[in-house]
Each structure stands twice: as structure tokens, then as C-alpha cells.
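# Coordinate inspection notes
Each chain, letter by letter, is given below.
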Amino acid sequence: MNSDKIIINCVGDSVTEGMATEGHHTSEYGKSPYPARLYTLLKDNGYDVEVNNYGHGGECFPDIVARIGGIAAVISQDLIVPDNIPVSLGRRSREKGKNLETKLKLCYADESGEDLCVYFTQMSHDTNPVTIDGKQYIMSVKDDNENLIEKAVPDGEETLIPAGSLLFTANKRTPDVNIFYGGINDGESFTLKKFIDFTKKCGEVNGGRYIVLGSTHPIFEKWSDVAGTTTEEKYKNYRRACVENFGIHFIDLYDEFSRHGVDMVLEAGYLRDKTAEDIKSIREKLTNHIIPKEFTYNKETENDVHLSQEGYHVIAKLIFERLKLLGYIKANSQVE
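A short tour of the structure in this document, coming up. (Residues numbered from 1 in each chain as written. Predicted model: local features only at pLDDT ≥ 70, side-chain atom pairs only at ≥ 80, totals over all residues. Heavy atoms only, no water.)

## What to know about the sheet that holds strand β2 (residues 49-55)
- The sheet built from five strands is open, its strands ordered β2-β1-β15-β16-β17 with parallel pairing. Strands with a single pairing partner mark the edges of an open sheet, and in this sheet they are β2 and β17 (250-251).
- For strand β1 (residues 6-12) and β2, the ladder comprises seven bridges, and the chain directions are parallel. By the bridge assignment, Val 11 is partnered in β2 with Tyr 54.
- Set on the sheet, helix α3 (residues 61-68) makes contact with β1, β2 and β15 (177-181); between it and β1 the angle comes to about 150°. (Pairing = 2+ DSSP bridges. Helix = DSSP H or I, 4+ residues; strand = E, 2+ residues; numbered from the N terminus. Contact = heavy atoms within 4.5 Å. Axes fitted to C-alpha atoms, helices over the stretch in contact; angles between N-to-C directions.)

Here you go:
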């Protein structure tokens, strides 16, 4: 084993977090979210690795991009921050999957020319402390729909944060590999162009060593700039654009799940309690881009975007193989 540890950041929303699964929001060995399944695969194959689960449930892609520092986040109004008193950055108000009315913005204009609003749904080690003008602050969430900010160390004085000040989160910006999964929570205002622009900016954070996960579901259908009148036509144009822009950095989960999902989970020892007819039915559903209940978090609802350990194993296995293909890890269990 090579003694140099590889660091992998998995960045995204609740799909990355592993909502309602064992060990959600972690990458602990043997647990269920895909970062945990990936860490387990890597450790079992002899790699010295650190995998971070930076999935925050409910976040839109602009929020994710702000957390990782792909595009600068900026305070849009003057803020007076006293000692020991949190100050509001605005309440989350959403319309068609788009954040409104927050004082934290992403320096990326929407269709009206206004910078996109940013809202962090939860705080953890990849968010706090945040740094503004060289000083550290702590962000928090109030009543699930308001972001607050206060001084990390009281100094007995009021502090003015001028409009236009940049905010940097504590996210590690120099991992060996970043993995991105986003777009599930974005609505009609989101576009394929934004998905590509945002992901490219995020990929630049660590010098271009990244992997992009396409969704298991046809989220491209609601993006206004994806040409086509049928799901098949829209998918073809979405896939072409992603491959043109990301090349082999792009993992097309919509396609890969349908072709390889069953074989990957069977190889890993899952679904042993299923009959041959059950397996045939699961395979047929995946072939038709239906996520079977056996692959979803509650084992009851088909096509849920939140997956079970079986579903997350497929994602982890696909990433594991792509890491080798990209040369980020070596096939003989040695880190590049």
C-alpha cells in the first residue's frame, strides 16, 4: 500500500448525504450513503483514503457551489454584527426550486441579471467557521428556514461587514478528488447551462481532478434549455452536452443504473433473499429507468431519489471503477 493518503470530497444534497439511511451524513466504514460505500470499497481494496460526506439535504446547486467555493459567495447588504447576538442573513423562500430573499448571494446572475440567492440548509465541518474579511464567524440555521451569522470570538465591538464582502466556508479546497451530485432540488429556473457552468467551476477548485454524477432520474426533463419533445430526445441531448463538457469525468447514472445495477448488487452479495423471478422483475424495471423499491431508502417506494445501501453500492462501485480509469487511483491498490 502507498503511504500517501488520497482525500475524496463527495459534495451534494440529500442523495449524497444518504437521507434516512444508516450513517447518513457520514462516510463511515460499512454504512449506507454512497460516500460510505465508496470508502468501504476503497479500504477493502487496500487504499489509504479519507472520504468526506459533504452532502446537505435540501440544497440547490447554487448553495452547493457556494459551499465548495466554486463561485464566490458574497454578502449583498451591509451587516452590523454585535457581540454574542446572531444576525440574520435572510429567510429561505423558494419559488420553483429557486431561493429568494437572502443576503448571501452567489456571484452568478440569473435570467433577470440578479445574483442567485444562497441558503445553507445545515451546518457542519465543511461550513463552519466561515471567513469574511479575514475574521471568522459561525453560521447557524433557525427554525429550518433562516440563516444566522455571529462572531466566532467576541471582541466587545460592533463589526460592520460591508456589502460586497466575500464569504468563504471551511470546506477543504485541496482534496485529491471532488465528486459532485446536484440538481435534484432545483426547479424550472435551473438549466443545463447552469449545471455545466457550476460543475466546471467546482472542478477547478482542486485543479481539475473531479467526477460528475448525472442523476439516476430524468431531472433534465424540467430544464428549459434541453432540446427535445420526448424523454428519450431530451436525454440524448443532455448526455451529449455532459460528455462534450466533462468527458470521462461524467458518470451517467441514468444509463449505468439500467445496464449494470443488478449485476453489481448481486456481485456484492445483495438480494440473496430474492427469487429468480424477483431478480428478473428488478432487472426489467431498471432497464426501463425505474428505480425498484429494493434500491430505495424505505424499500417501499419505487423511483424515490433517495436510495438504499444496495442503490448506493451501485454508485460507489461506478465511482470506484472511474477513479481507476481516470488514473486517480492505481489498479494495484496504490495511490497515484
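## Remarks on the side chain of His 313
- In this fold, His 313 is placed in helix α8 (residues 309-325).
- With residues up to four places along the chain from it excluded, the contact list for His 313 reads Arg 37, Leu 41, Met 264, Val 265, Ala 268 and Tyr 270.

## Notes on the pattern of salt bridges
- For the structure shown, the criterion picks out 18 salt bridges.
- Linking Glu 50 and Lys 172 is a salt bridge whose minimum nitrogen-to-oxygen distance equals 2.8 Å. Residue Glu 50 is located in strand β2, and its partner Lys 172 is located in the loop between β14 (166-168) and β15; the two are separated by 122 residues in the primary sequence.
- Residue Lys 172 is classed as partly exposed on the basis of its relative accessible area of 38%.
- Linking Lys 193 and Asp 197 is a salt bridge whose minimum nitrogen-to-oxygen distance equals 2.7 Å. Of this pair, Lys 193 and Asp 197 both sit in helix α4 (residues 192-204), four residues apart, roughly one helical turn.
- Residue Asp 197 is classed as partly exposed on the basis of its relative accessible area, which comes to 23%.
- The structure contains a network of salt bridges with shared partners spanning Glu 59, Arg 67 and Asp 126. (Salt bridge = Lys/Arg side-chain N within 4 Å of Asp/Glu carboxyl O. Buried < 20%, exposed > 50% of the residue type's maximum accessible area, 1.4 Å probe, protein only.)

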